[in-house]
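Results of the structural survey
Next come the chains, spelled out residue by residue.
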Amino acid sequence: MPIFHPILVASLLLYFLPAFLARKRSDFTAIFVLNLVAGWTFIGWIIALVWALSSEQQRQVAVPAQPAAAPPPASGTSFFCSACGKACEAGARFCTSCGAALPATSR
Ligand SMILES: [Zn+2]
């Protein structure tokens, strides 16, 4: 008579199904311990299974909300030249008043 009876093996596999499902989780140890300790109680096994199947919380780096940056000048509106201070046409590469090179704002 084999030591590991197929039904016994199947029962063990079923018993440790939650731990098996959680084998790649970061909290596998906790689930395995719960599975091992409380798995013989039906509710403990269910909790371990639900835990194993629950979506693991993503370790998201808390990114503070970016302060609303100044909106880029809309096309068609004018802005002021940093060299002479006069209004220039948006998108122009050179100031129309003094000819200073302007930072590209579009395209
Ligand atoms: Zn200018």
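Note that the structure is a prediction, hence the values are computed from the model and not measured. (Residues numbered from 1 in each chain as written. Predicted model: local features only at pLDDT ≥ 70, side-chain atom pairs only at ≥ 80, totals over all residues.)

**Some details on the overall build of the protein chain**
When you go through the protein chain residue by residue, the secondary structure sums to four helices and two strands. By the burial criterion, 12% of the 107 residues in the protein chain qualify as buried. When contacts within the protein chain are restricted to residue pairs at least 6 apart in sequence, those whose partners lie at least 24 apart make up 19%. (Helix = DSSP H or I, 4+ residues; strand = E, 2+ residues; numbered from the N terminus. Buried ≥ 20, exposed ≤ 12 C-beta atoms within 10 Å, placed from the backbone. Contact = placed C-beta atoms within 7 Å.)

**Here we look at the UniProt feature "domain: Zinc-ribbon" (unreviewed entry) in the protein chain**
Residues annotated by UniProt as "domain: Zinc-ribbon" (unreviewed entry) correspond here to residues 80-102. Across residues 80-102, the secondary structure splits into 0% helix and 17% strand, with the terminal C-alpha atoms separated by 10 Å. (UniProt positions renumbered as here; feature names shortened; annotations may be inferred.)

**Quick notes on the packing of helix α3 (residues 28-38) against helix α4 (residues 42-53)**
Closest axis-to-axis distance for the α3/α4 pair is 8 Å, and the angle between their directions is 165°. The angle between α3 and α4 falls in the class roughly antiparallel. Note that α3 runs across α4; the crossing there is left-handed. In this structure, α3 contributes Ile31, Leu34, Asn35 and Ala38 to the contact, and α4 contributes Gly44, Ile47, Ala48, Trp51 and Ala52. The residue inventory of the contact of α3 with α4, partitioned by class, reads seven nonpolar, two polar and no charged. (Axes fitted to C-alpha atoms, helices over the stretch in contact; angles between N-to-C directions. Parallel < 35°, antiparallel > 145°, perpendicular 65-115°, else oblique. Left-handed = near helix turned anticlockwise from the far one by under 90°. Nonpolar A, V, L, I, M, F, W, Y, C, P; charged D, E, K, R; others polar.)

**What about the environment of Ser55?**
Looking at where Ser55 falls in the secondary structure, it is placed in the loop between α4 and β1 (78-80). Distance from Ser55 to Arg25, taken between C-alpha atoms, is 9.8 Å for residues 30 residues apart in sequence.

**Here we look at the nonpolar core**
With seven residues, the main nonpolar core is built from Ala19, Ala22, Ile31, Phe32, Leu34, Ala48 and Ala52. Among the elements of the structure, α3 and α4 are those that each provide at least two residues to this core. Broken down by element, this core gets its largest block of residues, three residues, from α3. The contacts of Ala19, once residues within four sequence positions are left out, are Ile31, Phe32 and Asn35. (Core = buried A, V, L, I, M, F, W, Y, C linked by C-beta atoms within 7 Å.)

**Description of α3**
Within α3 the residues assigned to the buried category are Ile31, Phe32, Leu34 and Asn35. The buried residues of α3 occupy an angular sector of 160° when projected down its axis, which confines them to one face. Among the exposed residues of α3, those oriented more than 90 degrees off its buried face are Thr29 and Val37. On its buried side, α3 packs onto α2 (17-21) and α4. (Arc of directions from axis to C-beta.)

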